[in-house]
Amino acid sequence: MLAAQQATGHEPCMTDLRLSAAAAALPLLMAGCATQPAPRPQGQALDALLAFADPAICRQTDATARLIEGFVRNDPLAMDSDSWIEPGAVPAELRDRFGPITRIKHDEWWTIRTPVRGTLWGLPLTAIEQDFPVGGDAGGTTFEFHASARMVERAARARGLMARAGRSVPMGVPDGLAWEIGLHPDDDDPRRSRLSCGHS
């Protein structure tokens, strides 16, 4: 036996040892795979709630406009005070998808931010923001996605919106004021992006 092993140059049972080691390591490898983070949940589709009657000018349906406007409570008579813009309310049956609403004060405008749990156009939607300039000028609405600007561009353009990744695109003056649609990646995370419709 020893002479045969020396003649072939092989150590005894090396193949069996390697197979045994591989078999022993397999459960550890499988356990490592099991601890990888799961894909981000997509949530409920919100396309029926967040729809556009005229996508070419970013005009929402009446039902969508009422829903989003309800996220804000404003008092034109209190425009010079901090109570001019306040968080509104989410309908009780939609609280698993929207809210809680918060208010953010900037130097020249207010933002009402409504967190979202669901998808729009098959992409994760994380928030809706509405901006209100001090003085009562027209503001805009922003949809915040957990998806790249390129992905949002493809989905938006397939539905008639004029979005271009990394750009703001004029949409004309349908109500006497210039409108534009902007689509830009998040400054800190290119996997996120913001689609905005408003007066330029």
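Residues numbered from 1 in each chain as written. Predicted model: local features only at pLDDT ≥ 70, side-chain atom pairs only at ≥ 80, totals over all residues. Heavy atoms only, no water.

Chemist: Which parts of the structure should I look at to understand the nonpolar core?
Modeler: Soluble globular proteins tend to pack their nonpolar side chains together in the buried interior. Counting 40 residues, the largest nonpolar core has Phe98, Trp121, Phe145, Ile181 and Leu195 as the members making the most contacts within it. Beyond its immediate sequence surroundings of up to four residues, Leu195 is in contact with Trp121, Thr141, Thr142, Phe143, Phe145, Val152, Leu161, Ala163, Ile181, Gly182 and Leu183. (Core = buried A, V, L, I, M, F, W, Y, C linked by side-chain atoms within 4.5 Å. Buried < 20%, exposed > 50% of the residue type's maximum accessible area, 1.4 Å probe, protein only. Contact = heavy atoms within 4.5 Å.)

Chemist: Please explain the pattern of salt bridges as it appears in this structure.
Modeler: Any two side chains of opposite charge can pair, so long as their charged atoms come close to each other. Per the stated rule, a full pass over the model turns up 10 salt bridges. Across the pair Arg103 and Glu86 runs a salt bridge whose closest N-O atoms are separated by 3.7 Å. In this pair, Arg103 sits in strand β6 (residues 102-105) while Glu86 sits in strand β5 (residues 85-87), placing the two residues 17 residues apart along the sequence. Taking the relative accessible area as the measure of exposure, Arg103 reaches 32% and is therefore partly exposed. (Salt bridge = Lys/Arg side-chain N within 4 Å of Asp/Glu carboxyl O. Helix = DSSP H or I, 4+ residues; strand = E, 2+ residues; numbered from the N terminus.)

Chemist: What's the story with the pairing of strand β12 (residues 193-199) in this structure? I'm lost.
Modeler: Here is the key point about a regular strand: its side chains alternate between the two faces of the sheet. Note: strand β9 (residues 140-145) against β12, six bridges, orientation antiparallel. Within the sheet, the bridge partner assigned to Phe145 lies in β12 and is Ser193. With seven bridges connecting them, strand β11 (residues 179-185) and β12 associate as antiparallel partners. Across the sheet, residue Leu183 finds its bridge partner in β12, namely Leu195. (Pairing = 2+ DSSP bridges.)

Chemist: Just to check I follow, could you spell out the environment of Glu144 for this structure?
Modeler: Considering the arrangement of structural elements, one finds Glu144 in strand β9. Residues Glu144 and Ser196, spaced 52 residues apart in sequence, show a C-alpha to C-alpha distance of 8.6 Å. Apart from residues lying up to four places away in sequence, Glu144 is in contact with Arg113, Pro124, Leu125, Thr126, Ala127, Glu129, Ser193 and Arg194. Reaching out from Glu144, the side chain makes a polar contact with the side chain of Arg194 at a distance of 3.2 Å. (Polar contact = N/O pair within 3.5 Å; in protein donor to acceptor, adjacent residues only side chain to side chain.)

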